[in-house]
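Residue-level structural notes
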Amino acid sequence: MTSRGIPLDTAAIMSTVLEGILYGFSVLMFIGTIWALTYKRHVRDINRLVAAVTIMLLILSTAHMVVDIIRLEDGLVKYRDTFTGGPAAFFADVSQITYVVKNAIYILHTLLGDGVVIYRCYAVWQSVRIIILPSLLWCCAAFTGFSAVYSVSQATSNAGNIFTKATGQSFFALTLSTNLISSGLLAYRIWKIECDVSALRTSNRTLTPILRVLVDAAILYSVVLFPTLICFVCSNNGQYVMLDMLMPIISIAFYMVLIRVAISKHANNYLSTTFHGGVADEATREDLQQHPMKPLQVHISHLTQFDDTSTHGTGSGELSSTCKVESVEPSCAVVTV
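Structural notes on the packing of aromatic side chains
Using the criterion set out here, one finds 13 aromatic pairs in the structure. Members of the aromatic cluster, connected to one another through ring pairs, are Y79, F83, F90 and F91. The cationic tip of R189 hangs over the ring face of W125; the distance from NZ or CZ to the ring centre is 5.0 Å.

Observations regarding empty space enclosed by the protein
Summed over the entire model, instances satisfying the criterion amount to four cavities of 30 Å³ or more. Considered as a void within the structure, the largest cavity measures approximately 210 Å³ in volume. Along its surface, the largest cavity is lined by 17 residues, and G113, V117, R120, N179 and A253 are the ones closest to its centre. Contributing elements (two or more residues each) for the lining of the largest cavity: helix 4 (97-125), helix 7 (166-198), helix 8 (208-233) and helix 9 (238-276). Here the lining of the largest cavity takes five residues from helix 4, the largest share from any one element. Residues of the lining of the largest cavity, tallied by class, amount to 12 nonpolar, three polar and two charged.

Quick notes on the confidence of the model for the chain
Mean pLDDT over the chain stands at 76; residues scoring 70 or higher make up 71%. Highest mean pLDDT in the chain belongs to helix 2 (residues 48-78) (93); lowest belongs to strand 5 (residues 333-336) (33). Taken together, the stretch residues 270-288 has pLDDT below 50 and engages in 13 contacts with residues farther than four places along the chain or on a different chain.

As for helix 4
Spanning 29 residues, helix 4 covers 42 Å between terminal C-alpha atoms, matching the ideal 42 Å at 1.5 Å per step. Of the residues one or two after helix 4, Q126 is the one with positive phi, at around 55 degrees.

Quick notes on the side chain of D244
Note that D244 resides in helix 9. Contacts of D244, omitting those with residues within four sequence positions, involve S15, E19, H64, D68 and K102.

With respect to the state of the cysteines
The tally for this structure, following the rule as stated, stands at zero disulfides. Free of any disulfide, C140 has its nearest cysteine sulfur in C139, 6.9 Å distant.

The rules behind these values
- Residues numbered from 1 in each chain as written.
- Predicted model: local features only at pLDDT ≥ 70, side-chain atom pairs only at ≥ 80, totals over all residues.
- Heavy atoms only, no water.
- Phe/Tyr/Trp six-rings, centres within 6.5 Å; stacked < 30°, edge-to-face > 60°.
- Lys NZ or Arg CZ within 6 Å of the ring centre and 35° of its normal.
- 1 Å grid on protein atoms, 1.4 Å probe; cavity = no way out; pocket = protein on both sides within 12 Å on 5 of 7 lines; lining within 4 Å.
- Points joined across faces, edges and corners; volume = space filled by probe spheres on them.
- Helix = DSSP H or I, 4+ residues; strand = E, 2+ residues; numbered from the N terminus.
- Nonpolar A, V, L, I, M, F, W, Y, C, P; charged D, E, K, R; others polar.
- pLDDT = per-residue confidence, 0-100.
- Contact = heavy atoms within 4.5 Å.
- Expected span 1.5 Å × (residues − 1).
- Disulfide = S-S within 2.5 Å.

Written out as structure tokens, the structure reads:
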């Protein structure tokens, strides 16, 4: 079966450029993720598993980017005049070592990202039975993925050979199913918890921001992966562009969850400290300085006393009492007499 779509050398240039742009965003989000994991925390309080996954995603994305640059340089510069058929034939040769390596990195990167989603699902549900199906799909994806890499390494220079392999199509379908099922179970659990506690909540804290970011991450990944699967089934060269874009997008989807959850957490902590911890914000302090509290005098002109035998009215007596506000808090006012 022959490939269709844009020429392979054009696809290589487009994919590398787009991947480089997204890779830059992923590096920035990696820095933000490290901040979210370490901000105002001791080393012993850092989640080592999440930190390790974060670093691994960056390493794999960087390695894939480097291999793509080397492959682009080889095809357009190094072997431009010596490779039979020119740059287009070079990029069509799926048995090139750079092509095999970049696909192996992609498989590892995808499995790591899907594994994180499955782990999150387990952490929220606290049930092994819930993740049985996603785990089986993940194992099948790992088997078919590495089988596809082996098939590519044994392929001839004809790019059509890879399109006849069912392993590649199975891998994309399995990883898409794994991500959608795991993300769906995770989102449903958080939504169910939110519904159960909404009637009992006494503060403005909610799980809705977490639910939104998880759904956004799943949609972002699926929106790119689904067209990749379509291009692969249709033997369209656009798959190469989509595949290279998937690498940084997987990292971005992982980083965005941690960053937005950390921002939401710090915002809630700030509001809690400001309005419930007795610390007024800057605007409140300035207002108190401009309008200081004055002593309050209370004059009682009539005093009536009741006892068992008589009632005495005093019209000329006067009792003066002075009350002064010592401190004012948004949650409660402390008045000393």
